[in-house]
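Residue-level listing of the chains:
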Amino acid sequence: MLHVQRFAIDHIYCAPGQDRQFSFKMVRVNKKQYPAKGTVMVYNTGKELPNKTSFFHVFTLGNIPPSILNLLTQKKHWYKDVWVRASDDMELRDYILKIYNDQGVMFPRQHVYYSFIDQNSLLVAIESLPWLRGAYPVDSFEYMHVYSNAYFNKPGYHGSFERIGIDHSFQQVSNNLEKVQLQNQIAYARSQGCGVFIYVNGYWTPDLTLNIPDSSYVEIVYDQSVIETELHAINGLRTFDSVKDDCVKYLLFRDTTASYIEYQDDTEIYIAESSGLVKKGVFFYKHHESVMRNVTDKDYSLRSSYVNNMAQELCNVTGGGLADKTIVMYRRKSGRDMELKYSALKLHELYKLPVDAQRDVISSAGYSLDSLRVENLENSDYFRLASASSVSQVTPELATAAVGYNGVSHYFAQTPVKRGSELTIEVAELYQGNSLAFEYDNDGLFKGQAVLTNGPYYTCSGPDVRFVEFMYGQTPSDFGRLYEKDETFTLLYPQDDYVILAAYFDGSVRQSTWTKVSGTSAAVQTGSTVTLSLPDGQKAKVIYMNQPNVYDLQLSTDDGVLYFPLTCQEDRGLGMMTYHLDVAPESLAVFLNNRRLTQGLGYFIDFPYVCITSKKYLNTDSPVQNVHVRMSGVTLDSSKINNLEVRGFVNHGALSRNKRYDIRDDRVYSVFVDGLMQDKGQIYWSEADNVVRLNHAQNGLPYTVAESMIPVKPFTGVDTVRLFEVSQATNTKIMNLFNMVMPEPAIDQFNVIGSAYIVYSPVVCKLIGDILTGVIPSTLYTTPYDDMTVHTLIETRYKSLLKVDPVRHAMPDVNVEIQPHISNLVVNMSLLQYRFVANFVRVITSNNPSKVELSGRLSVST
């Protein structure tokens, strides 16, 4: 069984069969007009009735072993005429049996008996006494419902209350004194945590009042599993067209918060009048699964025609109309207490909305989001799994669709982990075998090395380790070779995520862009073998998602720029060599002297080249800077490297103050502020924050909320990319919805920062170095020149470098200062040299020369 199946069974599957809940229309044995007395003939066998003086209506249920219904069995001597009184048996074994008619009127269980003919045939006898016939339409009761709440099988179910379980009483009340006695019994039971079902002459009533007519027959069922009772006016319910059941339904929306799945079979419903001295109600029976379903963890759908028909039956008795009828819902404790888990439906996000907005989103009133519309929620894989009749129906496909990419990655691949008081920490399941661990100290500074994991626990190198971040897989000694157009090869990791790409080559030189061919007829997988069928001139390569590319560099600042290519070791037809990367990673992390840099500020990408522009983390005591690079995944669009990251500057102590709602609860991410890893539990997020923090120490510092695609195929058997894309589409829709319904709180106060973040312009720095070393001849700037001279110089010498220069990217001037060179020293130049640099800056900044702070960084010699 796959991990995702086990997870779904443990946390979503509601096991409807555990309560052994069944409804039947019984088969009548005697003629309706002629109840039996003494004995009755069943299957050509005489059967003695519970007593010889009363008349009985007798019914049978064939081919249903009583044990399935949680009823007593005789086991031996099936010929014996033994009858069990339903009310006594209910009390003895904590279950509920109901006998009712199609108007929802309840027959008193004190006068219901059951027995057997053989091991698989049940007999039910309903006593028909003269006084009962005067109060109840005895010959109309043909339905039976049994319910054994699995909650009563849980150890210590009664908690601090006296153990009552299911209790029952039935009597005729002749006067107010007897009514008061019953009221006291009811009050005591409620004080012990019992729910109370009260029936007066078969009709449900919310409470026993002195207004009940004398000589009424009162039946009371005490149920200690009942949590609460709710009222919902029928005329206040919204309707929708059910896709699942092809009918019109009511949305029973509940103004409450769910912390676990409140499955519909743990409810009991009555249709009742909302006025009158003695309120009456009828049992809303659910003879078909379409009658009531979950649409969220706490909200339900009700088949409107059934509700209206039952309400009309009540109107025929009490008068009035549908407008004054109410749905009364009892909610019970469950045999399975399953806290809500993140799933593909994203219901945890829905529950963040105000109550009215939740209702509107579900019912598409003003807001529209397909995945959260009631007809789609009801028909979702999540509730198809929750309501599966058996564990065998929880297939890998259903479990994966219900839990979704974010759910799987959150519960099986959570990282980073904060260390507690012990040196040993638990490792999420994905990283337990030969994955990489990166340690960070108490300040959040990367400790500078990658360690291989092995098993469910990881031992930190010392007490100064505060966080451990994990990356799936390990870096191989090489990334393989190219495969020819008709080649057959064996996959190294067939059970893991991989991508097969193809492109045209001339020898070892690629002539076209890469295209994905895995999953197509060009690359047919059979078991662990792949057979290629490519056009002439094409070659293929395999990229495995469990092979991240992690390595360290030492870069010299002598050249004035920290500019380097991303590389890998592979065979492109000339043997194993180090090449510039030609397939972009989905995720890239660059560390300078053990601090993580923020893309678009501390470094820029012109794939496969990276230019570090941060000056803040430079080691000024050394001409060599330590650079750490981590890459994983693959994207064929290099502009989408780190597409999942959220970046910016801390604003009033909060992150992601970007005027849009960001989903993050079920996502796997790391947070870095000023290059240091942060405790996610201590972060303020702008989505729910409008506090003015003028003196917050982190104001103005750059941050990165780093996220990458987590390979989940080991747990689901499904390619991660497909699941990931579905999840991303849902996330985007929800974020757009929240932007409308719950926009980010605004802050009018200016964000006060201590100092700007210092970066340098690699183009200007390179220019200055070329001028001072004579690479650029003095004649270029000592003789007359114009802007075209500068443009020509850029095209011939600095075009590539300009692509990764901060001056070409929009950044807030108050947060960022761009300096002209990498050094912290003042560089001395002649007047004409300085003027040329100034004109060069003016051109590359599109006539905004103040964007580069020359003052204090360049001096002019006489």
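Residues numbered from 1 in each chain as written. Predicted model: local features only at pLDDT ≥ 70, side-chain atom pairs only at ≥ 80, totals over all residues. Heavy atoms only, no water.

**What to know about the overall build of the protein chain**
Of the regular secondary structure elements, the protein chain holds 16 helices and 55 strands. In terms of overall dimensions, the protein chain has C-alpha extents of about 125 × 65 × 50 Å along its principal axes. Counting across all 862 residues of the protein chain, residues that qualify as buried make up 54%. Across the protein chain, the fraction of contacts at a sequence separation of at least 24, relative to all contacts at a separation of at least 6, is 76%. Carbon and sulfur atoms provide 49% of the accessible area of the protein chain, an area that totals close to 36500 Å². Once the 79 positive and 93 negative side-chain charges of the protein chain are each reduced to a mean point, those two points are 3 Å apart. (Helix = DSSP H or I, 4+ residues; strand = E, 2+ residues; numbered from the N terminus. Buried < 20%, exposed > 50% of the residue type's maximum accessible area, 1.4 Å probe, protein only. Contact = heavy atoms within 4.5 Å. Areas by Shrake-Rupley, 256 points an atom, 1.4 Å probe, with all protein chains shown as cover. Lys, Arg positive; Asp, Glu negative; His and termini not counted. Charge placed at Lys NZ, Arg CZ, Asp CG, Glu CD.)

**Points about the sheet that holds strand S34 (residues 523–526)**
An order of S30-S35-S34 is seen for the three strands of this open sheet, with the pairing classed as antiparallel. Where the open sheet ends on each side, the last strands, each with one partner, are strand S30 (488–490) and S34. Between one strand axis and the next, the sheet turns by 25° as a mean value, whatever way the strands run. Direction of pairing for S34 relative to strand S35 (residues 529–532): antiparallel, over a ladder of four bridges. Note that in S35 the partner of valine 524 across the bridge is threonine 531. (Pairing = 2+ DSSP bridges. Axes fitted to C-alpha atoms, helices over the stretch in contact; angles between N-to-C directions.)

**What to know about the sheet that holds strand S29 (residues 465–471)**
Within the open sheet, the four strands sit side by side as S24-S29-S26-S27. Their pairing is antiparallel. One side of each edge strand has no neighbouring strand; the edge strands of this open sheet are strand S24 (417–418) and strand S27 (446–454). In the sheet, strand S26 (residues 433–441) pairs with S29 via six bridges, with the strands oriented antiparallel. Each residue of the ladder has a partner; that of tyrosine 440, found in S29, is phenylalanine 467.

**Description of helix H2 (residues 86–93)**
Turning to H2, its buried residues number three or more, namely Ala86, Ser87, Asp89 and Met90. Seen end-on, H2 carries its buried residues on one side only, within an arc spanning 165°. Where H2 is buried, its residues contact strand S7 (84–85), strand S8 (96–100), strand S9 (112–118), strand S12 (166–173) and strand S15 (216–223). Residue aspartate 94 follows H2 closely and has a positive phi angle near 55°. (Arc of directions from axis to C-beta.)

**Side note on the packing of helix H15 (residues 787–803) against helix H16 (residues 831–844)**
Taken N-terminus to C-terminus, the directions of H15 and H16 make an angle of 70°; their axes are 11 Å apart at the nearest point. In terms of orientation, H15 lies roughly perpendicular with respect to H16. Facing H15, whose interface residues are Asp787, Val790, His791, Leu793, Ile794, Tyr798 and Leu802, H16 presents Phe836, Phe840, Arg842, Val843 and Ile844. Residue classes in the contact of H15 with H16 are distributed as nine nonpolar, one polar and two charged. (Parallel < 35°, antiparallel > 145°, perpendicular 65-115°, else oblique. Nonpolar A, V, L, I, M, F, W, Y, C, P; charged D, E, K, R; others polar.)

**Focus on the nonpolar core**
Residues Leu347, Leu385, Tyr431 and Phe470 are the most contacted members of the largest nonpolar core, which totals 70 residues. Elements that contribute at least two residues to this core include exactly helix H1 (3–11), helix H6 (347–350), helix H7 (355–362), helix H8 (374–378), helix H9 (381–386), helix H10 (396–412), S29 and helix H12 (720–741). When residues no more than four places from it in sequence are discounted, the contact partners of leucine 385 are Ala8, Ile12, Tyr13, Val394, Leu398, Ala399 and Ala402. By size, the runner-up hydrophobic cluster in this structure holds 68 residues, among which are Ile64, Met90, Leu122 and Val138. (Core = buried A, V, L, I, M, F, W, Y, C linked by side-chain atoms within 4.5 Å.)

**As for H10**
For H10, which comprises 17 residues, the first-to-last C-alpha distance of 16 Å sits more than 12% below the rise-based estimate of 24 Å (1.5 Å per residue). In H10, a bend of some 90° at glycine 404 exceeds every other bend along the element. (Expected span 1.5 Å × (residues − 1). Bend = angle between axes of the 7 residues up to and from the residue.)

**Structural notes on the packing of aromatic side chains**
The tally for this structure, following the rule as stated, stands at 43 aromatic pairs. Ring plane angle 50° and centroid distance 5.2 Å describe the contact between phenylalanine 446 and phenylalanine 591, whose orientation is recorded as tilted. Of this pair, phenylalanine 446 sits in strand S27 while phenylalanine 591 sits in strand S41 (residues 587–592), placing them 145 residues apart in sequence. In this structure, phenylalanine 446 and phenylalanine 591 share a single accessibility class: buried. Taking the centre distance of 6.0 Å and the plane angle of 70° together, the rings of tyrosine 617 and tyrosine 757 count as edge-to-face. Here tyrosine 617, found in the loop between strand S44 (609–612) and strand S45 (624–632), pairs with tyrosine 757, found in strand S52 (residues 757–760); they are 140 residues apart in sequence, far enough to count as distant. (Phe/Tyr/Trp six-rings, centres within 6.5 Å; stacked < 30°, edge-to-face > 60°.)

**Quick look at the side chain of lysine 539**
By the element assignment, lysine 539 lies in strand S36 (residues 538–544). Engagement of the side chain of lysine 539 in a polar contact is seen with the backbone oxygen of glycine 507, the distance being 3.1 Å. Excluding anything up to four places from it in sequence, lysine 539 contacts Leu482, Tyr483, Glu484, Leu501, Ala502, Ala503, Phe505, Gly507, Trp514 and Leu534. (Polar contact = N/O pair within 3.5 Å; in protein donor to acceptor, adjacent residues only side chain to side chain.)

**As for the pairing of strand S18 (residues 247–252)**
Among the six residues that make up S18, five are buried, leaving the element largely enclosed by the rest of the structure. Of the pairings in the sheet, the one linking strand S17 (residues 238–242) to S18 comprises five bridges and is antiparallel in character. In the sheet register, aspartate 241 faces S18, and the bridge partner there is valine 248. The loop that links S17 with its antiparallel partner S18 comprises four residues; one of these, aspartate 246, has a positive phi angle of about 55°.

**Regarding the pattern of salt bridges**
All told, the structure shown has 58 salt bridges when counted by the stated rule. The salt bridge involving lysine 154 is made with aspartate 337; its shortest N-O contact spans 2.5 Å. With lysine 154 in the loop between strand S11 (143–147) and S12 and aspartate 337 in the loop between strand S23 (325–332) and H6, the pair connects residues that are 183 residues apart, well separated along the chain. Its salt-bridge partner being aspartate 245, residue lysine 249 comes within 2.5 Å of it at the nearest N-O pair. Residues participating in the shared-partner salt-bridge network are Glu228, Glu230, Arg254, Glu262 and Arg331. (Salt bridge = Lys/Arg side-chain N within 4 Å of Asp/Glu carboxyl O.)

**Overview of the environment of histidine 652**
By the secondary structure assignment, histidine 652 is in the loop between strand S46 (646–649) and strand S47 (654–655). Excluding residues that lie within four positions of it along the chain, histidine 652 makes contacts with Arg657, Val691, Val692, Arg693, Leu694, Asn699, Ile747, Gln749, Phe750 and Asn751.

**What about the environment of serine 390?**
Mapping serine 390 onto the fold places it in the loop between H9 and H10. When its relative accessible area of 26% is taken as the criterion, serine 390 is described as partly exposed. Along the backbone, serine 390 and leucine 701 are 311 residues apart, and their C-alpha atoms lie at a distance of 54 Å. Within polar-contact distance, the side chain of serine 390 engages the side chain of serine 392 at 2.8 Å.

**Looking at unusual backbone geometry**
Between threonine 415 and the following residue, proline 416, the backbone shows a cis peptide bond with an omega angle of 0°. As for its position among the elements, proline 416 is in the loop between H10 and S24. The omega angle of the peptide bond from phenylalanine 607 to proline 608 is 10°, so this bond is cis rather than trans. With phi around 45°, arginine 20 is a residue other than glycine that occupies positive phi space.

**Thoughts on the pairing of S11**
Taken across its five residues, S11 has five buried, putting it largely inside the fold. Where burial is concerned, the two faces of S11 agree: the one with Tyr143, His145 and Tyr147 and the one with Met144 and Val146 are both buried. Across four bridges, the pairing between strand S1 (residues 22–25) and S11 is antiparallel. Bridging from a neighbouring strand, phenylalanine 22 pairs with valine 146 of S11. Here S8 pairs with S11 via five bridges, running antiparallel. Looking at the pairing, lysine 98 lines up with histidine 145 of S11.

**Focus on a nonpolar patch on the surface**
A contiguous nonpolar surface patch, about 420 Å² in accessible area, is contributed by Val692, Leu694, Phe750, Val752 and Val814. Its place among the elements puts phenylalanine 750 in the loop between H12 and S52. For phenylalanine 750, a relative accessible area of 56% corresponds to the exposed category. (Patch = residues over 30% accessible without salt bridge, like charges linked within 9 Å, V, L, I, M, F, W, Y side chains within 5 Å.)

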